[in-house]
Amino acid sequence: MKESFQKFRQWLQSLSFRTGLIVALCCVLCYALSFAQMLLPISVAAKGVLWAAFYGLAKACQYTALLILGKAGIARLKAFFR
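Parameters at a glance
Residues numbered from 1 in each chain as written. Predicted model: local features only at pLDDT ≥ 70, side-chain atom pairs only at ≥ 80, totals over all residues. Heavy atoms only, no water. Helix = DSSP H or I, 4+ residues; strand = E, 2+ residues; numbered from the N terminus. Rg over C-alpha atoms; globule rule 2.2 N^0.38 Å. Buried < 20%, exposed > 50% of the residue type's maximum accessible area, 1.4 Å probe, protein only. Contact = heavy atoms within 4.5 Å. Areas by Shrake-Rupley, 256 points an atom, 1.4 Å probe, with all protein chains shown as cover. Expected span 1.5 Å × (residues − 1). Bend = angle between axes of the 7 residues up to and from the residue. Axes fitted to C-alpha atoms, helices over the stretch in contact; angles between N-to-C directions. Parallel < 35°, antiparallel > 145°, perpendicular 65-115°, else oblique. Left-handed = near helix turned anticlockwise from the far one by under 90°. Nonpolar A, V, L, I, M, F, W, Y, C, P; charged D, E, K, R; others polar.

Draft legend 1. Seen up close, the overall build of the chain. Scanning the chain from terminus to terminus reveals 3 helices and 0 strands. Across the chain, helices and strands are ordered from the amino to the carboxyl terminus as α-α-α. Whereas a compact globule of 82 residues would reach a radius of gyration of roughly 12 Å, the chain reaches 16 Å, over 25% beyond that. The principal-axis extent of the C-alpha atoms belonging to the chain is close to 45 × 40 × 15 Å. Here the chain holds 82 residues, and the buried ones make up 18% of them. In the chain, once contacts between residues fewer than 6 apart in sequence are set aside, the share between residues at least 24 apart is 71%. With an accessible surface of roughly 6300 Å², the chain has 72% of that area assigned to carbon and sulfur atoms.

Now the structure itself:
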């Protein structure tokens, strides 16, 4: 299990900076959807399920984007926004 995780992590780190940005944008979209669905006229239970699903996807995208971008990619993004 540990070896397969290491291989998966190395594969993610081999992806491009642009791919990391796309995954980060998917993260932002999932966060927006997780809270925007509260405006829908559906039951509270369905809202809770949708919130948990979209919030979970957002967190998964967030950590995946961090693995793809790495330390150098994060520094590059910070420099871009300064």
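After that view of the structure, there is still more to cover.
Draft legend 2. Inspection of the environment of Leu-77 at higher detail. Along the polypeptide, Leu-77 turns up in helix H3 (residues 44-81). Along the chain, Leu-77 and Ser-43 lie 34 residues apart, while their C-alpha atoms are 40 Å from each other. With sequence-adjacent residues up to four places away left out, Leu-77 is seen in contact with Phe-17, Leu-21 and Leu-69.

Draft legend 3. Fine view of H3. Over its 38 residues, H3 extends only 39 Å from the first C-alpha to the last, a length that falls short of the 56 Å expected when each residue adds 1.5 Å. Approximately 95° is the largest bend angle found in H3, and it occurs at Gly-70. For H3, the full list of buried residues reads Lys-47, Ala-58, Cys-61, Ala-65, Ile-68, Leu-69, Gly-73 and Leu-77. Taken together, the buried residues of H3 touch helix H1 (2-13) and helix H2 (17-36).

Draft legend 4. Expanded view of the packing of H2 against H3. The N-to-C vectors of H2 and H3 enclose an angle of 150°; their axes lie 7 Å apart at closest approach. As the angle between them shows, H2 and H3 are arranged roughly antiparallel. Of the two possible hands of crossing, H2 and H3 adopt the one that is left-handed. For the contact of H2 with H3, the residue count by class is 20 nonpolar, 6 polar and 2 charged.

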